[in-house]
Structure formats: C-alpha cells, structure tokens
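# Structure assessment
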Amino acid sequence: MSKFKIFMLWSVIVELLLILSANGLYFYQNHDSDGKLYLVEARRLMKEIEEQKPEASEIETMSFSQYETIAGIREFAAGEACDNDYLVEEIAGKLYRIEYVEKRSSRLPLYINIPLFGMMIVTNIVLVYVYHKVLKPFQDMSNLSYELAKGNLSMPVKEEKSKLFGRFLWGMDMLREKLEETKEKELAFQKERKTLILSLSHDIKTPLSSIELYSKALAEGLYDTQERKDEALQGIARNVKEIKGYVNEIVTASREDFLNLEVCMGEYYLSEVMKVTENYYQDKLSVIHTGFQVDEIPECLVRGDKNRMVEVLQNVMENAIKYGDGKRIRISFGEEEDCTLIQIENSGCSLKKEELPNLFDSFYRGSNSAGMKGNGLGLYICKTLMRKMDGEIFAGMKEAVFCVTIVVRKC
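A brief look at the structure comes next. Just so you know, these numbers come straight off a predicted model, no measurement behind them.

### Quick notes on the packing of aromatic side chains
Under the defined criterion, the tally for this structure stands at one aromatic pair. Ring centres of Tyr-280 and Tyr-281 lie 4.8 Å apart, and the angle between their planes is 90 degrees; on these two criteria the pair is classed as edge-to-face. Among the residues examined, Tyr-281 registers a relative accessible area of 1% and is labelled buried. Seen from the ring of Phe-360, Lys-383 lies directly overhead, with NZ or CZ sitting 4.9 Å from the centre.

### Quick word on the nonpolar core
Counting residues in hydrophobic clusters, the biggest one holds 44 residues, and the most contacted among them are Met-309, Ile-331, Ile-342, Ile-344 and Ile-406. Among the elements of the structure, helix 7 (270-287), strand 5 (291-294), helix 8 (306-323), strand 7 (328-336), strand 8 (339-347), helix 9 (378-388), strand 9 (392-398) and strand 10 (401-409) are those that each provide at least two residues to this core. Per element, the largest residue contribution to this core is seven residues, and it comes from helix 8. In this structure Ile-344 touches Leu-313, Val-316, Met-317, Ile-329, Arg-330, Ile-331, Phe-402, Cys-403, Val-404 and Ile-406, once residues within four positions along its chain are discounted.

### Quick look at the sheet that holds strand 8
Across the sheet, five strands lie side by side as 5-7-8-10-9; this open sheet has mixed pairing. The sheet terminates laterally at strand 5 and strand 9, the two strands that pair on one side only. Going across the sheet, the axis of each strand differs from the next one's by a mean of 20 degrees, ignoring polarity. Along the sheet, helix 7 contacts strand 5, strand 7 and strand 8; its crossing angle with strand 5, the most-contacted strand, is approximately 165 degrees. The sheet strands contacting helix 9 are strand 9 and strand 10, and the helix crosses strand 9 at an angle near 135 degrees.

### Here's the deal with a nonpolar patch on the surface
Together, Ile-6, Leu-9, Trp-10, Ile-13, Val-14, Leu-17, Leu-18 and Leu-20 make up a nonpolar patch on the protein surface, roughly 820 Å² of accessible area in all. Considering the arrangement of structural elements, one finds Leu-17 in helix 1 (residues 2-30).

### Some remarks on the packing of helix 7 against helix 8
Where helix 7 meets helix 8, the closest approach of the two axes is 10 Å, and the angle between their N-to-C directions is 30 degrees. Comparing their axes, helix 8 and helix 7 come out roughly parallel. Between helix 7 and helix 8 the crossing geometry is right-handed. Facing helix 7, whose interface residues are Glu-272, Val-273, Met-274, Thr-277, Tyr-281, Lys-284 and Leu-285, helix 8 presents Lys-306, Met-309, Val-310, Leu-313, Gln-314, Met-317, Glu-318 and Ile-321.

### Some thoughts on the packing of helix 8 against helix 9
Put simply, helix 8 and helix 9 touch, their axes get as near as 9 Å, and they point 150 degrees apart. As the angle between them shows, helix 8 and helix 9 are arranged roughly antiparallel. Seen along the crossing, helix 8 lies across helix 9 with a hand that is left-handed. Across from Arg-308, Met-309, Glu-311, Val-312, Asn-315, Val-316 and Asn-319 in helix 8, the residues of helix 9 making contact are Gly-378, Leu-379, Ile-381, Cys-382, Leu-385 and Met-386. Split into classes, the residues belonging to the contact of helix 8 with helix 9 amount to eight nonpolar, three polar and two charged.

Rules behind the numbers
Residues numbered from 1 in each chain as written. Predicted model: local features only at pLDDT ≥ 70, side-chain atom pairs only at ≥ 80, totals over all residues. Heavy atoms only, no water. Phe/Tyr/Trp six-rings, centres within 6.5 Å; stacked < 30°, edge-to-face > 60°. Buried < 20%, exposed > 50% of the residue type's maximum accessible area, 1.4 Å probe, protein only. Lys NZ or Arg CZ within 6 Å of the ring centre and 35° of its normal. Core = buried A, V, L, I, M, F, W, Y, C linked by side-chain atoms within 4.5 Å. Helix = DSSP H or I, 4+ residues; strand = E, 2+ residues; numbered from the N terminus. Contact = heavy atoms within 4.5 Å. Pairing = 2+ DSSP bridges. Axes fitted to C-alpha atoms, helices over the stretch in contact; angles between N-to-C directions. Patch = residues over 30% accessible without salt bridge, like charges linked within 9 Å, V, L, I, M, F, W, Y side chains within 5 Å. Areas by Shrake-Rupley, 256 points an atom, 1.4 Å probe, with all protein chains shown as cover. Salt bridge = Lys/Arg side-chain N within 4 Å of Asp/Glu carboxyl O. Parallel < 35°, antiparallel > 145°, perpendicular 65-115°, else oblique. Left-handed = near helix turned anticlockwise from the far one by under 90°. Nonpolar A, V, L, I, M, F, W, Y, C, P; charged D, E, K, R; others polar.

On their own, these measurements won't tell you what the molecule is for.
Okay, structure coming up:
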C-alpha cells in the first residue's frame, strides 16, 4: 500500500504543476506585446490614415466603430490629461495620441483555476475512495486464497461491509465450507474403505485356507476314493464362489463410492435446462463449423436435479463433439408414457454395435477413443445420475449416426 500512497503524492504534485503551467502560460500570453489586440488595431489604423491621407481636422473626427479597442485619436500635447491608455505615434510629421481600451477580464485566471483545483480535489477523493473501499479490503483478504490453497479450511472469513466484496466473500466462505465438507466426507470414505478392506481380507482368509487344505490333500493323495475327491473338488468350487462374492462386493463398493454423485431432487421446466445448453453450444459449435439443430423444446415440468441435468447434457454433448465427425449434431424430443425423451444424435460414429452394452460402465472406453484423452467415466456418471433422478439413459446406433437417449420423468 505504500506504493499507492506514493502514487497519490505524485498525482497531487503533477496536478499542481499542470495548474502552475496553465497560469504561467496565461500570464505570458497576456503580457506578450506582439499578440495584444490594441497594438494590432493601432497599426491598422495608422496604415488606414497613411493610405487615405485625410486632413488633420478629419483625423480626430474619424469613426472607430470597426475597432474593438480604439477609443479615439488626438494630436499629442505633453502634459494633457487622458482617462484612457494611449500610444503616441507619428502621422504625417505630427505626433498623435491613439487612445485605447484593453478588454481583459481580471476574473479569467479565477475561472481557469477553479475547475483545475476542482478536478484535482475530485481526483484525490476518487483515489482515497479506491484505497479505502477496494485496495485496503483486498489487502485484508489477500491471505484468504493462500490459506485455502494450503488446506486451512477452518479459518473463518471476516465479514466485509464493502458492497464490492460482500458477495465475493460470501462465495469464498461457501467454497471454504464446501471444501471442508468434502474433506470430511473424503476422510469418512477413506475410513470406511479401510474398514471394508480389512473386513473382506479377514473374510477371504477362511475360504482361501479351505482351498489350500483341499489342494494339499489332493496333491498328497490323502483322498483314496473318488467320492472323497469329488467332495474336495466341490468344496474348492464352493469356496471359489464365496471368494468371487467378496470380490464382487469390493467392485460394487468401489463403483458406488469412488465418485460423490449426490442429487437434490426437485421440479423444474425442461425448457430452462435446454435453453442454457442450446445457447452455450450454439456459439461453441459455430466456431468449429459443426451444424447444430435443436427441435422445438416441449414446455413441461419434470422431476430431478436441475444442475445435475445440465451436467448430464454437457457430458453427452461433449462426447458427441469429441467422437463425431464434426458435421452435424441434433437434439430432438419425444414422449413415452409419463416420460420425456431427449435424443442427442451426432454423425460420423465409428463405434462397433457390440460395444454399446458396455458404454455406460465405469472406465470403459470404446474402440473409437484411440488417441483421445479421457478416463471412461463420462457416460457412467450420466447413467448413475439419471438413475438417482428416477430417469434413464441408453445409447443406440443406426448406420453412421450415434444417438444417446435421456429419459426424464414428468411431474
């Protein structure tokens, strides 16, 4: 902030110098004899007299209405009093007194200085306001983002009365609380995962020990009859099945918990979500010269999480852009019982039909994804969210057109 104070000081100095320069220029112009109007008009008058060569008596009776500053002309007499300023010039061998009135406003410097000083005062008021209302509060908040980056999520956010930063601080405090909540959930999840792994590890030991015993007995020939051997093989198969069950539990728990996909169920108009999507991708697709068509959007009230629905639409649209041929994307709508269908089609699909059932599995990537960045979670997230919102999503393909259908439940 010391730099800003130095800047304020220099701004005052520069403004004072400008005011002094303006005053100096004014006084210089007014004391410069070459540019004074009465001298110019006196010279013009003398030239006029020399050209017309009037009589001496006619000179003093001449009209001076065309001159702004000339008041009269008289033959010069030393010691004669005169109310006006005058010049003494020689005309036709005689000295004449050319009287003039210089039109100069004594208030002009005041008129110049008042606006200049006013501007200086206003500038400094603005700078002081910026310092107290913007820079100083910003300095007080400068450590906030740094502390959040370090993971100090328990640090309270100080209230700020400034309207400029009130909403910003409110948003930062919401972000801090959200990060803190996410951190707590992550810790709880890690604890649950470790507990699950320890529990399953303990449970798997029993069938593994049984398999080991059966295998050892078979290898050493301890079972002398075929019946006992069959019993041992059945025991191994039973324990293998039990182990598979534990493994499936681990896989299911991992798929359900590795992403925090919460939804807040409510009601919203489908047109609100679709207009946001249309406006965003209209501009984006025009840049890459992809044809984009959105059919008439139905005005219906649907159930679900509005923000999550936007996320689903964006995921599907991004896939259409990434894996299509860039020629055409179309969004159409349909009706089926108490549901609304949103169909997103893209041209140029090179996916194999036998891959369709696996598209919505986590970490699955189709054969057309070679060389493209991704983690295979987009459509999995979409399916999980839609099912939590009492909806559904599925994919189909006809010739070279790939279509994703989103099923939204009506209210």
